[in-house]
Structures are given as C-alpha cells and as structure tokens.
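Understanding the architecture of this molecule
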Amino acid sequence: MLKYLDQIHTPIAKTLSVQKVSRRAFLGTSAAFAVAVFAAPRADAFPTWETGGTAMPNGLVDDPMVFVSIDEDGTVNLVAHRSEMGTGSRTTLPMIMADEMEADWARVNIIQAEGDEPKYGNQNTDGSRSLRHHIQAARKIGGSVRTMLAQAAAAEWGVPVDQVVVSNHMVSHGSKSLGFGDLAAKAMALPVPAHEDIAYKPEDAFRYIGKGEVQITDLRDITTGEAVYGADVTLPGMKVATVARPPVVGGKAISFDADAAMAVPGVVAVHELPYSIPPAGFAPLGGIAVVADNTYAAIQGRDALKVTWEGGPHAGYNTETFMADMVAETEKPGVVLREQGDPDAAFAKAAKVFTRTYTQDHMAHIPMEPPAALANFTGNAMEIWAPVQSPYQARQDAAKAVGLDEANVRVNVTLLGGGFGRKSKADYVTEAALLSQAVKAPVRVQWTREDDIHHSFYHTASAERIEAALDDAGKVIGWRHNSVAPSILSTFAPDGGNQFFIETGMGHVDLPFDIPNVRMDNGKALAHTRIGWFRAVSNVPRAWAIGSFVGELAHDQGKDQRTMWLDLIGTPRTVDPVAEGYPENFWDYGEPYAEFPIRTGKLINVLNMAADGIGYGKSLPDWEGIGLAVHRSFVSYVAVAARVKIINGKVTVPEMHMAIDCGYAANPERIESQLQGAAVMGMTVAQHSGITFKDGAVEQSNFYDYDVARSTNYPNNVHVHIVPYGFDEHPTGVGEPGLPPVSPAIANAIFEAQGKRLRHIPMGETI
Amino acid sequence: MTKLNINGTDIDVAADGDMPLLWAVRDIAGMTGTKYGCGVGLCGACTVHVDGVAKRSCQMTVKEAMGTSVTTIEGLDQNGEHRVQQAWRDLNVPQCGFCQSGQIMQAASLLAENPKPTDDEILEAMSGNVCRCGCYQRIVAAVRLASTGS
C-alpha cells in the first residue's frame, strides 16, 4: 500500500492506508545485546563530492527531520521523495538511509512524498538522476539519525558517545541497550549533526548498500494486486472522464453531438476543454470531455460524440515527405556546434571519404499504464492522486490551470505503471483538475491506449548524416556529423528548428573518439507535433547512427568491429572539452564536468567486457552474427554485444552481454533489471516502434499497429556486467543509458549474420 | 440486478450487460488489481480466470461472465502465496509492476492446464502479455521456477 504523510485535506481514498506519523516516542521494553560494528567518528569514511543536484530546481535536502521519523514501537518511517516507475529508487534511496542509520530493513516503513520540492528538494524523476544526485543526501540523513540516537543514549547513560554502539536497530553500551523507539523522542529533538561530526560506516560494514539483496518495497503488493497506481484511487462521488482530443496538434472541434453522448446511460456531463498549440509546455491539447459514472460509460459517451475536427496549421505533417526533407537537410551545412582542428582540410586531403545516413521515426513511450489522474477540486483547495514523474511541476501546472495558489493544491504520487518520460508531462493531471472544477466532483481522467498513442509528447524523428575522412593508411583523420531532428524546445518556446544544448549534448557534440578534425553541425527541422523526451532522449538516434556507422566502417576497412571501435576511441584519455572544440554551453547531463568527465578508458573497458563476455571473434553458425556498440550517456558508459540469429528472415537475439560503468553500484540487482529491460526496449526500438503521421494525425492506434517486443521474440540470455567500484566512484545514471547502444548492436549483428545493412529504425522484425 | 461471482463471492453489479468485465471488476466491484492496458485484448494486463482459465477481461462482457466463476489476482490465493506469486518474488521479477498481475494470472492458468510446460510452451503462453519494462527474462524464469521448483 502507498502511504503518505499528513493526508488530511480531503476524504481519504479507500484503497490507501494512511497513517499520521508521530515523532513522539516512549521507552520500550525489549533490549538486546548488539555487536559493535564501528564506534569512532569516521567522517573520512564518506568524502563528499559535488553533483548537479544542487543546481536543480529546489536542489537537494538532507535534513533528517524531513525524511525520517521513528515510532514508539521502533518503526522507522522513511520518506521516498522520487517517483517509482520501475527503476527501484523508492526502495534504493530509503535503503541507503536505513543502512547508514543501522536500521533493520524489516522495521522500515516507506512513506511516499507528496509533490513539495521546497520541502523535499528536487523530485523530478527524470534524467537518470535519482541515485546520482540523492545518494549522498540519503547517506547523510541516515548517518545523522544514527549519530543522534547514539548521542541520546550517551546522555541517558552518562557515557561518552564514542563508546555507544548502534547496530541493527539497537543502541548499546556494555550491558545496557535501548531500541530506536526508546530513544526516538530524545534523539530527534537533538540538533542535526554536521557532516564532519558523523561517524559514517566504513563500506565493509554496509548491510544493504551495494549488496543487491533488498527486494523492492512494493514487491508483495505488486504480486497480490494491492499496489496502487494512478487509476486505482477512488473517492466518494467520483466521476470518470475520457476526452476526445484533436487528432492534429493545434486543431479544434468544429462540431460535436453532446446530446448523443448525454444519452448514453451513465454519462453525466459533456465539457469542452480549452485548446492549446505548441509551444504550450504541458498544457492539455483540449477537446471534448465526457464525464460519466464509470469508465465504460465515459468511453461509450465519447464514441457517441461524433466530433468534426479542424486540423489547424500542422495538418500538412506527413512523415514520408518530412523524412525525405530531413535527409536532404543533412546534406547542407547546418549550424556548427563543435569545430575541432580543420575538418575541411582533412576532407580535402582524404584518400577516402565514407558517408552514411541513418534515420529514425518518432516513438511513443506507451507505458503499460496509460495516463490517468484523479483530481478533487473543492473550491478553495484541490487534491490530486496521479502517477507523475515530476509531482511538483504537476502541482504547479494544475494549480495555475484552476486558478489556485499552489499552497492549496496537494499532489499525491501513486506508483507509476511505467513512465519513460511520458509521465514527466502531466497534461492528464491538468485535464483532471479542470474537469473536477467544471463538474464540481472528484474526476478521474482515464486515457485509453489509443489516446496515449495519438496524443503523446513524441520522441523526435531524426536524420543523422556521418562522414569520415580516411588517410592512405585507413586512419580516420576527419569526422563530420549533421544531426537533424525537431527539437523538444519547440514544446516550450517558438520553434527555430534547431536543437538546443541539452539535445546536442546527448551523443552529438560529445563524440568521444580521438580524431583530430571534427565538425558537428545541426540542420533545421521544424516540429509539427508535440516533441518530448523518451528514455535516453537524443542518445537513441545518435547512438543508432554512430554505432551503425562504426560497424559499416569496420567492414569497409576490413577490420573487426572491436578493433574499429578501439581505433576510433584511441588511447585512454580524459576528454578536454575546450581542446576538442566542444561548444561553450556543452551540457554534461547537468553535472560539473570536473567531477564527471568523459573518460574514454571506461568506454574501452565496458566494450571489452561485453565483447569478451559474448566471446566476440568466435566462429558462428550460418545466419548468426555478433554486433557491438558502446555509448556514454547520463554520465554512464554502456556497451552491448548482441548475438543475432536469423530464422527464416526473422531477427532473433538469443544472447546479449551488456556492460555498464555507472560508478558505484548501490543496488546491483536493480541495475541488472534496468539493463535487462533496456535490452527489451532496445529490441522494440530496433524492430517495432514507429509513429508516423499522415495529414497531421498519428497513423498508429494500439498494439495491433504499434507493437512491442514480446515473450516470443526478445533478447534472451541477457548477461549484465557491472564494473565494480567503491562508494566514492560517483554513481552515475542507470535508467536510461542501457537503451542507446542496443539497436546499433543488433543492426551490426544482422549485417554479420546475413550481410544486410539496415539504416532506418524501426527496421521490422523480419528482414 | 446483475450478479457476478468474483473470487467466490456473489457481487451485485448494477452494470450494463455489455460492459466489459474489466470495468465491472474495477469500477463496480472495486477490485483494482486487474489492469487496463489496451482494451483490445492485445496486452494481457486485464487477465483474469474465468472458470479457471485465463481470459482477457476487456474482451468479455458482464453478460457473458454471468454464471461463471471469475477469479482476479486478489483471489488467486487467499494468502497471496500461490506458487506463481512466490516465484515472482523469489526472482524479483517486477520493475514498475503494472502488468504483473496479468502476467501472474496468465502463468497460473498455464500451469493449471500444463504443469510442466516446455520453454517454448511458456514463451507461447506468455506472448499475449506485454511488459514494457522488459521483464521477460525473469518472467519466463519465474514460470519455470513455479513449474519445476528450479
């Protein structure tokens, strides 16, 4: 069950178990001898480092009073302030607090934070940042509480604090011992210690951190059907709404039959929502909402509307011509983003120029849980339950839409049935807010799968043209890469047609190869739909293009893929972005570059781990091949070695090795599951996911024409290799970086298996 | 008044007979473990047992379900300890978890019908259940674990 703090505003949803957490505690009865794990101050056991977390909106909070309370029975309540969409952050961050606190995980109760960034710090669960930014705060929170418990016990017994031992939910000195609950009231009233005054655990004393043995906190609820997702919360008197939205972004309804919808039994209202056209941020598209007593009636009522739509300015968007235009654009000079050496001279004197172009269609995230949200507008306040990646932004957007101060709006975060970037954009929450205000009742907005596919914030479509200049000896002396794709920025600001620094930092300007003459440019492409971010964002088309290009170049040069990659990466170096001509606004995933530099030795290492793992170079039966790709994204390094077997034209992947360098691995079991998942999503990207437009509208609708990898054809035997480190090797990203290298590795393997080179994704399941 | 037997209990569902069983289970009976994922029978998130056999509850009407015995994830095992549920926990199958009740219901139905399926039979039986997080490797291993104990 999801549990929230201080849930007092509105009638409580029947499916939520709610508890008020008390900081009052009383002396308990049981006490047991605890074995000393550590005692003396050891702040040096945890040297801290700077991350981009402090620069995020509302930054980082490491105040234990915000995140921890201890009940009189010793139950330790820990707040999870990031959204859970499958990565495990709702378990892993509290697990870190518990370990450093010496709390027994079995006695930990997890409370899901409401959207309140001034209180909890940044909650925008996106960009593979949860552990990267919050791991140090979690450890500090745990260490603070353990120190305060020890101080309280020392005062109680009149003994020096450094002789008090805190171990596994007990505090002891000699034969005396007290439980956490016994000490909580006094301990939590003490001042929070400074980092330097905390006796951090040495790493070899970690019980949970780095072990991968703690199961996700919602595991039992998920397997019994008790887990609470967006559409699982119900309020008394609640209505359910579906919305008929304009098929073309920026379109409007010309006419609709509200009477026909109202005639459907159970329909209680038809309400037209205001329209929007990009740039409109996460504003709903508008449309005609049908509000009903239940979901079925809402769907039936919507079907009865028979809306006639006007397309608006984007009704001429056709994928076929647009893709051809983008490819043509790659052949002209674009805005130069990175210039290193003298690429024109290098290409002029080259013995050979090798050029290829790669393309990708739009994609929709299609999390298994389609968007859904419940809002209860009560005049001067509103409470929301929703599966959102960024609950504070959702709260601000919804408050603004209904004209309330955000102080009077509360957003409770349910579990997310997948997110992948879609649930960062809470247009569905704002719809629920507007409808609750309109009909004066709690309203759950339910998106159908068709809604989800027709009205997403799509991953951009792209064309990537790469050219390599080679000298007589076959050495690459020049590289040009023109990347053309509609920009995410068009969702937020008037569209100039060019990429912005966050997109160009994702696998384009940061090409880590050791090549003396480089030009990265960006041709224009205007957006004609809502462009948003999808797991790994621009890294997907860039890794697809670069990885495929390396495979092609290897073949052209008569080298094996590993040799080609290693030749291009060169000897291990830490990239100096200034010396290599990176743009001044180079974006290293929001991190301070000095702490998270590009270290090409890590690329080499993971490439070799994956290649060695699969036995790259071994002889294979006919119709089999191995493909390699490696890519740095979200400050992590991931290599994929995929073995493809082609069976009657069907591309299968019987084996894959993935190697990741993500710095310190706090929860290796979830890292493995994320990479196994990325392998499957990568197979979907490679084979299935294509959103295309005709006359401005999306052509796909549901799984019958927008399918995904299924149990009958997914990467089997995915072996995950994690580079081992100590805690001070800064943790980087995990949720996203597994995805980008998968599709080029598959394409390179297909070529090895059957000699066919595919340059567009999705490439189809059968070739 | 329409009566449905869900998890061994007769429940009055004041529902249109054409309403998909999925919405009757979720909206009327108030059991939310059964999930909506596509509405067209292609993702398996809404899988329940009808007279012991896995069915997509979005593809069956209330009228059709009358007189049958419907089991949802909440009723698969009284204590939530069906061997498939246990196997799912033993192997840490879920990521987001949303599809998993449907996956578990599908797997339980498969094993009831065919206690020792081959690997290919497992893959085929589970092919209608989509997991967007991509937990298939562990799903298949968990079905095998529930079947063979290893």
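Residues numbered from 1 in each chain as written. Chains lettered and ligands numbered in written order. Predicted model: local features only at pLDDT ≥ 70, side-chain atom pairs only at ≥ 80, totals over all residues.

1. Remarks on the overall build of chain B
Of the regular secondary structure elements, chain B holds 6 helices and 5 strands. Expected size for 150 residues packed as a compact globule is a radius of gyration near 15 Å; at 15 Å, chain B falls within 12% of this value. Reported as C-alpha extents along the three principal axes, the dimensions of chain B are approximately 45 × 25 × 25 Å. Residue pairs in contact within chain B that sit at least 24 positions apart in sequence constitute 59% of those at least 6 positions apart. (Helix = DSSP H or I, 4+ residues; strand = E, 2+ residues; numbered from the N terminus. Rg over C-alpha atoms; globule rule 2.2 N^0.38 Å. Contact = placed C-beta atoms within 7 Å.)

2. Considerations on the overall build of chain A
A tally of helices and strands in chain A yields 19 helices and 27 strands. The C-alpha radius of gyration of chain A comes to 27 Å, within 12% of the 27 Å expected for a compact globule of 767 residues. Counting only C-alpha atoms and orienting by the principal axes, one finds that chain A spans roughly 80 × 70 × 50 Å. In chain A, which comprises 767 residues, the proportion classed as buried is 60%. At a minimum sequence separation of 6, the contacts of chain A that also span at least 24 residues come to 82%. (Buried ≥ 20, exposed ≤ 12 C-beta atoms within 10 Å, placed from the backbone.)

3. Comments concerning the sheet that holds strand β6 (residues 176-179) of chain A
Residues and elements named next belong to chain A. Overall, antiparallel pairing links the 3 strands, which are arranged β4-β5-β6 in an open sheet. With partners counted over all chains shown, the strands left at the sheet margins are β4 (165-167) and β6, one partner each. Averaged over all neighbouring strand pairs, the angle between strand axes comes to 20 degrees, with direction disregarded. Note that β4 and strand β5 (residues 170-173) share 3 bridges and pair antiparallel. The residue bridging S167 from the neighbouring strand is M170, located in β5. Strands in contact with helix α4 (residues 130-157) are β4, β5 and β6; relative to β5, the strand with the most contacts, it is inclined by about 40 degrees. Relative to the sheet, helix α5 (residues 180-187) contacts β5 and β6, its axis offset from that of β6 by approximately 80 degrees. (Pairing = 2+ DSSP bridges. Axes fitted to C-alpha atoms, helices over the stretch in contact; angles between N-to-C directions.)

4. So, the interface of chain B and chain A
Tallying the contact residues gives 47 residues for chain B and 47 residues for chain A. The set of elements that each furnish at least two residues to the side of chain B that touches chain A consists of α1 (21-28), α3 (83-90), α4 (100-113), α5 (119-125) and α6 (136-148) of chain B. In terms of residue count, α6 of chain B provides more of the side of chain B that touches chain A than any other element does, 4 residues in total. Split by residue class, the side of chain B that touches chain A holds 25 nonpolar, 16 polar and 6 charged. (Nonpolar A, V, L, I, M, F, W, Y, C, P; charged D, E, K, R; others polar.)

5. A few points about the domain arrangement of chain B
All names here are of chain B. In terms of domain boundaries, chain B breaks down into domain 1 (2-75) and domain 2 (83-148). For domain 1 and domain 2, the distance between their C-alpha centres works out to 20 Å. Taken residue by residue, the interface counts 15 residues in domain 1 and 12 residues in domain 2. Taken together, the elements giving at least two residues each to the side of domain 1 that touches domain 2 come down to β3 (47-50) and β4 (53-56). (Domains from an automatic or database assignment.)

6. So, the nonpolar core
All names here are of chain A. I384 and A610 are the most contacted members of the largest nonpolar core, which has 274 residues in total. It is α4 that provides the largest number of residues to this core, a total of 11 residues. The residues touching I384, leaving out its near neighbours within four places in the chain, are A373, L374, A375, A398, R410, V411, N412, V429, A432 and A433. (Core = buried A, V, L, I, M, F, W, Y, C linked by C-beta atoms within 7 Å.)

7. Some details on the environment of D27 of chain B
With respect to the helices and strands, D27 of chain B occurs in helix α1. In sequence terms D27 of chain B and G67 of chain B are 40 residues apart; their C-alpha atoms lie 20 Å from each other. Apart from the residues within four sequence positions on either side, D27 of chain B is in contact with N294 and T295 of chain A.

8. Structural notes on helix α19 (residues 742-754) of chain A
All names here are of chain A. Taking 1.5 Å of rise per residue, the 13 residues of α19 would be expected to cover 18 Å, and the 18 Å separating its terminal C-alpha atoms lies within 8% of that figure. Of all 13 residues making up α19, 12 are buried, and the element is well covered by its neighbours. What α19 keeps buried is the set V742, S743, P744, A745, I746, A747, N748, A749, I750, F751, E752 and A753. Downstream of α19 by one or two residues, G755 has phi in the positive range, about 80 degrees. (Expected span 1.5 Å × (residues − 1).)

9. A short note on the domain arrangement of chain A
Residues and elements named next belong to chain A. Each assigned domain of chain A is listed with its residue range as follows: domain 1 (43-224), domain 2 (235-312 + 371-446) and domain 3 (319-364 + 457-761). When each unit is reduced to the centre of its C-alpha atoms, the spacing between domain 1 and domain 2 is 38 Å. On the domain 2 side, the residues contacting the 14 residues of domain 1 number 19 residues. A class-by-class count of the residues in the side of domain 1 that touches domain 2 yields 1 nonpolar, 7 polar and 6 charged.

10. A few points about the sheet that holds strand β27 (residues 760-761) of chain A
Residue and element names in this part refer to chain A. Ordered by their spatial adjacency, 6 strands build an open sheet running β12-β20-β19-β18-β13-β27, and the pairing between neighbours is mixed. Only two strands of the sheet have a single partner each, and these edge strands are β12 (335-340) and β27. Two elements, strand β13 (residues 352-360) and β27, share 2 bridges in a ladder whose sense is parallel. Counted as the bridge partner of Q360 is I761 from β27.

11. Brief notes about the pairing of strand β2 (residues 9-13) of chain B
Residues and elements named next belong to chain B. Sheet topology note: the strand β1 (residues 2-6)/β2 ladder contains 5 bridges and is antiparallel. Counted as the bridge partner of I6 is T9 from β2. Where β1 hands over to β2, the hairpin turn is made up of 2 residues, of which N7 adopts a positive phi near 55 degrees.

12. Considering the packing of helix α18 (residues 668-687) of chain A against α19 of chain A
Residue and element names in this part refer to chain A. Following both chains from N to C, one finds α18 and α19 inclined at 65 degrees, their axes separated by 8 Å at the closest point. Crossing of α18 over α19 shows right-handed handedness. Between α18, through A678, A679, G682, M683, V685 and A686, and α19, the contact on the second element is made entirely by V742, S743, I746 and A747. Partitioning the contact of α18 with α19 into residue classes produces 8 nonpolar, 2 polar and no charged. (Left-handed = near helix turned anticlockwise from the far one by under 90°.)

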